[in-house]
Amino acid sequence: MKWLKISIGVVLAAVATFVAHLHVVAQTYYPTLRVQAPEGLTYVVVQDERSERLECGIANDRFLARIKQGCKDCKILTARCTRTLEEALERDVYQAGPVKYSTVVAPGVRMAVLGPQPLADKSCMAIAEAAKKQGVRPTSCLRASASADRTGG
């Protein structure tokens, strides 16, 4: 009888663990990054939500690989997956309305460029142009003061 109770307890614990795992895996996550460039700019990246935690981590890793390849001296401040956009800055970057910062908008990603002007605007435009040359369309740089497309396309 004692073994039966222990067996039932172990089975219930295993089922509870499995259900908890399914709950965590089935939630949506936002891949977010914050990168500091040597020239004094900070890039805040928010990608479209992913349906699983693993997908979110893979999306961040893929984006980080591109950053590390293109900017050897950049410092990764944060790279995380969150169920909600916790910081006001991240929510501001991801929203579809008027932008508060120079922001690169591309399919699946929005990137705010924070720092001194006109350097932030120039960097935003250069990133949008480089993305277009790589075939990422539509891509634009929205300037905070006018929310205007600054790449001419």
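In what follows, the accompanying structure is described.

About the cut-offs
- Residues numbered from 1 in each chain as written.
- Predicted model: local features only at pLDDT ≥ 70, side-chain atom pairs only at ≥ 80, totals over all residues.
- Heavy atoms only, no water.
- Core = buried A, V, L, I, M, F, W, Y, C linked by side-chain atoms within 4.5 Å.
- Buried < 20%, exposed > 50% of the residue type's maximum accessible area, 1.4 Å probe, protein only.
- Helix = DSSP H or I, 4+ residues; strand = E, 2+ residues; numbered from the N terminus.
- Contact = heavy atoms within 4.5 Å.
- Disulfide = S-S within 2.5 Å.
- Salt bridge = Lys/Arg side-chain N within 4 Å of Asp/Glu carboxyl O.

**As for the nonpolar core**
If you look at the biggest cluster of nonpolar residues, it comprises 20 residues, and the most contacted ones within it are Leu33, Leu41, Tyr43, Val45, Phe63, Met111 and Val113. For this core, the secondary structure elements donating two or more residues are β1 (30–36), β2 (42–47), α2 (53–70), β4 (102–106), β5 (109–114) and α4 (119–133). A total of four residues in this core trace back to one element, the largest contributor, which is α4. Dropping the residues within four chain positions of it, Leu41 is found in contact with Val35, Gln36, Val113, Leu114, Gly115, Pro116, Leu119, Ala120 and Ser123. The next biggest cluster of nonpolar side chains, apart from the first, holds eight residues, and it includes Val44, Val93, Ala112 and Leu114.

**A look at the state of the cysteines**
With the rule as written, the count across this model stands at three disulfides. Here Cys56 engages in a disulfide with Cys81; their sulfurs sit 2.1 Å apart. Here the disulfide of Cys56 and Cys81 is left-handed, its torsion about the S-S bond being about -110°. One end of the pair, Cys56, is in helix α2; the other, Cys81, is in strand β3 (residues 75–82), with 25 residues separating them in the sequence. Comparing Cys56 with Cys81, the two get one shared label, buried. What pairs with Cys71 in a disulfide is Cys74, and their sulfur atoms sit 1.9 Å apart. Taking the torsion about the sulfur-sulfur bond, which here is approximately 85°, the covalent link between Cys71 and Cys74 counts as right-handed.

**A short note on the pattern of salt bridges**
Counted according to the given criterion, the structure contains five salt bridges. Across the pair Arg80 and Glu87 runs a salt bridge, and its minimum N-O distance is 2.9 Å. We classify Glu87 as partly exposed; its relative accessible area is 31%. For Asp92, the salt bridge identified is with Lys100, shortest N-O distance 3.5 Å. Here the salt bridges do not stand alone but share partners, grouping Arg34, Arg80, Glu86, Glu87 and Glu90 into one network.

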